[in-house]
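Residues per chain are reported as follows:
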Amino acid sequence: MYNCCEEHVDLAIDIVVDETELAPVMVKLEAEERLSTTCDFCNEQAIYKISG
Ligand SMILES: [Zn+2]
């Protein structure tokens, strides 16, 4: 599972598809979750959670 910002959504989806070979599940984080969650690929606030 990866947390990612708007910019890194495509990257996170690619990695999840590579790892799981399944269609990824993309969930938009709630506003308060975003405040405490950082993108796994940069230091921006995460907006989405991507899992396989
Ligand atoms: Zn990012």
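Please refer to the structure placed before this passage.
Residues numbered from 1 in each chain as written. Predicted model: local features only at pLDDT ≥ 70, side-chain atom pairs only at ≥ 80, totals over all residues.

Trainee: Explain the sheet that holds strand β2 (residues 25-28) here, please?
Mentor: Strand pairs in the sheet, formed through backbone hydrogen bonds, run parallel or antiparallel to each other. Reading across from one edge, β1-β3-β2 is the order of the three strands in this open sheet, with antiparallel pairing throughout. A single partner strand is all that each edge strand has here, and the edge strands are β1 (2-4) and β2. Taken over all neighbouring pairs, the strand axes of this sheet differ in orientation by 25 degrees on average, direction set aside. Bridge count for β1 against strand β3 (residues 48-51) is three bridges, and the pairing is antiparallel. Note that in β3 the partner of Cys4 across the bridge is Tyr48. (Pairing = 2+ DSSP bridges. Helix = DSSP H or I, 4+ residues; strand = E, 2+ residues; numbered from the N terminus. Axes fitted to C-alpha atoms, helices over the stretch in contact; angles between N-to-C directions.)

Trainee: Sorry if this is basic, but what is going on with the environment of Leu22 here?
Mentor: Among the secondary structure elements, Leu22 is positioned in the loop between α1 (9-20) and β2. Owing to 10 C-beta atoms within 10 Å, Leu22 belongs among the exposed residues under this scheme. Note: C-alpha distance between Leu22 and Ser36 (14 residues apart in sequence) is 28 Å. (Buried ≥ 20, exposed ≤ 12 C-beta atoms within 10 Å, placed from the backbone.)

Trainee: Sorry, what's going on with unusual backbone geometry here?
Mentor: Residues apart from glycine generally show negative phi values, whereas peptide bonds are mostly found in trans. The phi torsion at Glu21 lies on the positive side, around 60 degrees, for a residue other than glycine. Along the polypeptide, Glu21 turns up in the loop between α1 and β2.

Trainee: What should I look at first to understand the nonpolar core in this one?
Mentor: Across soluble globular proteins, you tend to see nonpolar side chains buried next to one another. Within the largest apolar cluster, nine residues are counted, these being Tyr2, Cys4, Cys5, Ala12, Val16, Cys39, Ala46, Tyr48 and Ile50. Where this core is concerned, the elements lending two or more residues are β1, α1 and β3. Ala12 has contacts with Tyr2, Cys4 and Ile50, leaving out every residue within four places of it along the chain. (Core = buried A, V, L, I, M, F, W, Y, C linked by C-beta atoms within 7 Å. Contact = placed C-beta atoms within 7 Å.)

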